[in-house]
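The residues making up each chain are set out below.
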Amino acid sequence: MANMEKLTQFQQEMLRCNRCGYCQAVCPIYDVLRLEPITARGRIQLLRAVSEGKLPISELVSYYIYRCTDCQSCRVSCPGGVRIDQIFASARELIADNEFLPTGLSELEQRVRSTHNISGEPSENRLLWAENLEVKPEGLVGKEGAEVVLFTGCVSALYPMAYGILQDLVEILEAANVDFTTLGTEEWCCGYPLLSAGLPISDLVTHNLDRVKALGAKTLVTTCPSCYHMWKYHYTPDSLRVMHSTQFLAELVEAGKVPLRPVEMRVTYHDPCDLGRKSEVYDAPRQLMESIPGLDFVEMEDHGENAMCCGGGGNLETVDAELSGAVARLRLEQAQAVGAQAIVSACQQCERTLAMAARRNKSRIKVMDVVQLLRKALSEEETER
Ligand code: SF4
Ligand code: SF4
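Residue numbers restart at each chain and count upward from 1, following the sequence in its written direction. Key to labels: chains lettered from A, ligands numbered from 1, both in the order written. The predicted origin of the model limits local features to residues at a pLDDT of at least 70 and limits the giving and counting of side-chain atom pairs to 80 or more, whereas totals for whole chains, interfaces and linings rest on all residues.

Novice: Looking at this model, I keep getting lost on the overall build of the protein chain. Mind explaining?
Specialist: When you go through the protein chain residue by residue, the secondary structure sums to 21 helices and eight strands. Note on method: radius of gyration uses C-alpha positions; expected globular size equals 2.2 Å times residues raised to 0.38. In terms of overall dimensions, the protein chain is globule-like: its C-alpha atoms have a radius of gyration of 21 Å, near the 21 Å expected for 385 residues. On the principal axes, the C-alpha backbone points of the protein chain span a range of 70 × 45 × 35 Å. In DSSP terms, a helix is any run of H or I states spanning at least four residues, a strand is any run of E spanning at least two, and both are numbered starting from the N terminus.

Structural data, given as structure tokens:
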């Protein structure tokens, strides 16, 4: 069985775990459930037993492996540098291959395979976010030779609560005279949710790569850290600069193309795991916030490489929404502890998860994207040009 061989190849890596427990101290799932088999240390012991034929792959193994946000806090805090991420990825492939995928993930796979997005809506709906733009930019869809292709991502393009992020980004790009386009209804899910579940994604990668190449853009920009991570580290297109929106906007601001007026607000920044620990983008969002006059920026106790996950990663919301919400509440409490009026992030999934937690916990804290904060600061004359 090919995937069992793959896990077996990690036996030496698993043996490198000295059971010190540093991973337990940083695991947000352990913070909620307090179960040893849920920690990286515990999972490694389970997977060692599976790889040695001492424990069958089962519902129980699946339960422990998928109660994880794939936040990689354990990886960065492991003193031995055990590649926990690779061991877990291999385990998920094995579990998916043996039909022990949690039901929610099987349903997610069916939606993505049939509609090419995570919501299950028809592809035509991918452009609904653009319907109420005051001025719809010429060349918004499929403009060959545009400098920049904007890869919108499933959450921004298909979940109404996130439409505003793309709308604000478009207004900033227009104000800065950026020549951009999108794939429109031809965009498919980047594949991250399926890859993270242990499922194959080559059809999605090939489709998106072909469509983007056909447009001939030099730069791909996306507001979604998962899409960014996929394009940067899995698609790896030749001669295409892949940028997260925060990086692209930081360059525009530095070049003086986005004049900013003061915003009086106390904000904190939530580092998305896919952008921070997995892609090492920590500075660009902070540079953007520092460039806004009047903004009172404060860090949470856990930030940067040590940031706590919002609870929405690794498809956890699909597998166990209650657990995801319990983790989100812990993160919300960290933001409240520093007196922030708003949690700013750079990931639409983190923002959904944190906004739901704020609502459930009756918190008045706002949750917004860096793009929305920047749009708020964009001087009115620029948007009226
Ligand atoms: S931190 Fe690393 S070495 Fe220590 S128990 Fe966890 S996985 Fe093992
Ligand atoms: S990836 Fe995150 S949630 Fe999963 S075991 Fe490691 S620290 Fe815990």
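Novice: I tried to follow helix α6 (residues 59–66) on my own but got confused; where do I start?
Specialist: Two residues of an α-helix separated by three or four positions point the same way, owing to the 3.6 residues in each turn. For every residue, the other C-beta atoms within 10 Å of its own C-beta are counted; 20 or more classify it as buried, 12 or fewer as exposed, and values in between as partly exposed. C-beta atoms are placed from the backbone. Within the span of α6, buried status applies to V61, S62, I65 and Y66. All buried residues of α6 fall inside an arc of 115 degrees around its axis, so they share one side. Residues are scored as being in contact if the C-beta atoms we place from backbone atoms lie within 7 Å. Close packing links the buried residues of α6 with α5 (40–51), α8 (84–97) and α17 (316–319). The directions from the helix axis to the C-beta atoms form the arc being described.

Novice: Just checking my understanding: could you explain the environment of L169 for this structure?
Specialist: By the element assignment, L169 lies in helix α11 (residues 163–175). Take L169: there are 26 C-beta atoms within 10 Å of it, and that puts it in the buried class. When the C-alpha positions of L169 and E134 are compared, they lie 13 Å apart, and in sequence the two are 35 residues distant. The residues touching L169, leaving out its near neighbours within four places in the chain, are T223, S245 and V371.

Novice: Help me out: how do you make sense of the site of ligand 1 in this one?
Specialist: By nearness alone, 14 residues border ligand 1, and C17, C20, C23, R41 and C78 come closest of all. Where the shell around ligand 1 is concerned, the elements lending two or more residues are α3 (22–26) and α5. A per-element tally of the shell around ligand 1 places α5 first, with three residues. Three classes are used: nonpolar for Ala, Val, Leu, Ile, Met, Phe, Trp, Tyr, Cys and Pro, charged for Asp, Glu, Lys and Arg, and polar for all others, with Gly counted as polar. Residues that form the shell around ligand 1 fall into these classes: nine nonpolar, three polar and two charged. Each residue gets a C-beta atom placed from its backbone. If that atom is within 6 Å of a molecule or strand, the residue is near it.

Novice: How do you make sense of the site of ligand 2 when you look at a structure like this?
Specialist: Surrounding ligand 2, one finds V26, C27, P28, I29, A40, C68, T69, D70, C71, Q72, S73 and C74. The set of elements that each furnish at least two residues to the shell around ligand 2 consists of α4 (28–33) and α7 (73–77). When its residues are assigned to classes, the shell around ligand 2 shows eight nonpolar, three polar and one charged.

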